[in-house]
Amino acid sequence: MAGPGFGIATVPRMSGVARTVPFVLVTAVVLMLLAACGPGNGGDVNPRAYAKSVCSGLVTWRDGIAGDSAELSRVLGSRSTDIETVKARYTRFFAGSVRRTDELLSVVREAGAPEVENGLGYARDLTDALTRTRRGLAGAQARFEALPIRDLRSYAAGAAKIRDSLGGLFTAIGADLDGLGTTYTDPDLNQAFRDEPAC
């Protein structure tokens, strides 16, 4: 039931001008509020600051895993390698790859989302892509740990095969990163990544 003084019969008739002015004012206020909300589905982080954080994290991750792989090859190139050394070095390599990816995911999450059109979607899809890579690395680690230890030659060959399979994971994440640039076409964000030296 309507409150006192608000019944339909008590509403005075308004002239055309009186009806139009409130509508114009309301429309102006709505437009101002929408503008204040920023880009649609956007985050709250400056695009350049976001690109710097993400690129720095990606480069650290890439260089770290590449360095670990090179060190693994160097150590295992020794003729005096035994099963215990092979196991220890591969264990360190696979565990390190997973750990480095966890660190990268932390960097990306802490970077937030860029204040651009669909910035939240970009941050979400980047995190999802890296999570898939992390899952693949953890799977490789599990396959290595399940390798039977019979003799040095077969054990080392099995471990090397698993390590070589990681190339597919890194190719896939590279394609995912390229795909983000074509899926999310905000010019400010794309320019921020192009301008970032680390990228």
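Thresholds, definitions, all that
- Residues numbered from 1 in each chain as written.
- Predicted model: local features only at pLDDT ≥ 70, side-chain atom pairs only at ≥ 80, totals over all residues.
- Heavy atoms only, no water.
- Phe/Tyr/Trp six-rings, centres within 6.5 Å; stacked < 30°, edge-to-face > 60°.
- Buried < 20%, exposed > 50% of the residue type's maximum accessible area, 1.4 Å probe, protein only.
- Salt bridge = Lys/Arg side-chain N within 4 Å of Asp/Glu carboxyl O.
- Helix = DSSP H or I, 4+ residues; strand = E, 2+ residues; numbered from the N terminus.
- Disulfide = S-S within 2.5 Å.

A. Expanded view of the packing of aromatic side chains. Here the structure, examined in full by the defined rule, presents ten aromatic pairs. Seen in terms of ring centroids, Phe-93 and Phe-94 are 5.3 Å apart; in terms of plane orientation they differ by 65°. Their pairing is edge-to-face. The class of Phe-94 is buried, set by a relative accessible area of 1%. Put simply, the rings of Tyr-90, Phe-93, Phe-94, Phe-144 and Tyr-155 touch in pairs and so form one group of aromatic residues.

B. Here's a closer look at the pattern of salt bridges. Evaluated as defined, the whole model comprises eight salt bridges. Here Glu-71 makes a salt bridge to Arg-74, at a shortest N to O gap of 2.7 Å. Residue Glu-71 and its partner Arg-74 are both found in helix α2 (residues 47-76); the two are separated by three residues, about one turn of the helix. The shortest N-O distance in the salt bridge between Arg-99 and Glu-103 comes to 3.1 Å. Taken as a pair, Arg-99 and Glu-103 lie in helix α3 (residues 83-111) at a separation of four residues, close to a single helical turn. Judged by its relative accessible area of 42%, Arg-99 falls in the partly exposed class. Accessibility expressed as a relative area gives 40% for Glu-103, which makes it partly exposed.

C. Representation of the environment of Arg-135 within the structure. With respect to the helices and strands, Arg-135 occurs in helix α4 (residues 119-145). Exposure remark for Arg-135: the relative accessible area of 55% places this residue in the exposed category. Spatially, the C-alpha atoms of Arg-135 and Thr-101 are 9.6 Å apart, while their sequence positions differ by 34 residues.

D. How the structure looks around the environment of Pro-187. Here Pro-187 lies in helix α6 (residues 187-195). On the basis of relative accessibility, which here comes to 56%, the residue Pro-187 falls in the exposed class. Once the C-alpha coordinates of Pro-187 and Val-116 are considered, the two residues, 71 residues apart in sequence, prove to be 8.8 Å apart.

E. Here's a closer look at unusual backbone geometry. Even without glycine at this site, Asn-118 takes up a positive phi of about 60°. Turning to its location among the elements, Asn-118 is positioned in the loop between α3 and α4.

F. Quick peek at the state of the cysteines. Applying the stated rule across the entire model yields one disulfide. At a sulfur-sulfur separation of 1.5 Å, the disulfide partner of Cys-55 is Cys-199. Residues Cys-55 and Cys-199 share a disulfide whose torsion about the S-S bond is about -65°; that sign makes it left-handed. Residue Cys-55 is found in helix α2, and its partner Cys-199 is found in the segment after α6; the two are separated by 144 residues along the sequence. Here Cys-55 falls in the buried class, since its relative accessible area comes to 1%.

G. The arrangement of the environment of Glu-84 in detail. Turning to its location among the elements, Glu-84 is positioned in helix α3. Of the residues examined, Glu-84 reaches a relative accessible area of 57% and is grouped as exposed. Through-space distance from the C-alpha of Glu-84 to that of Leu-152 is 9.1 Å; in sequence the pair is 68 residues apart.

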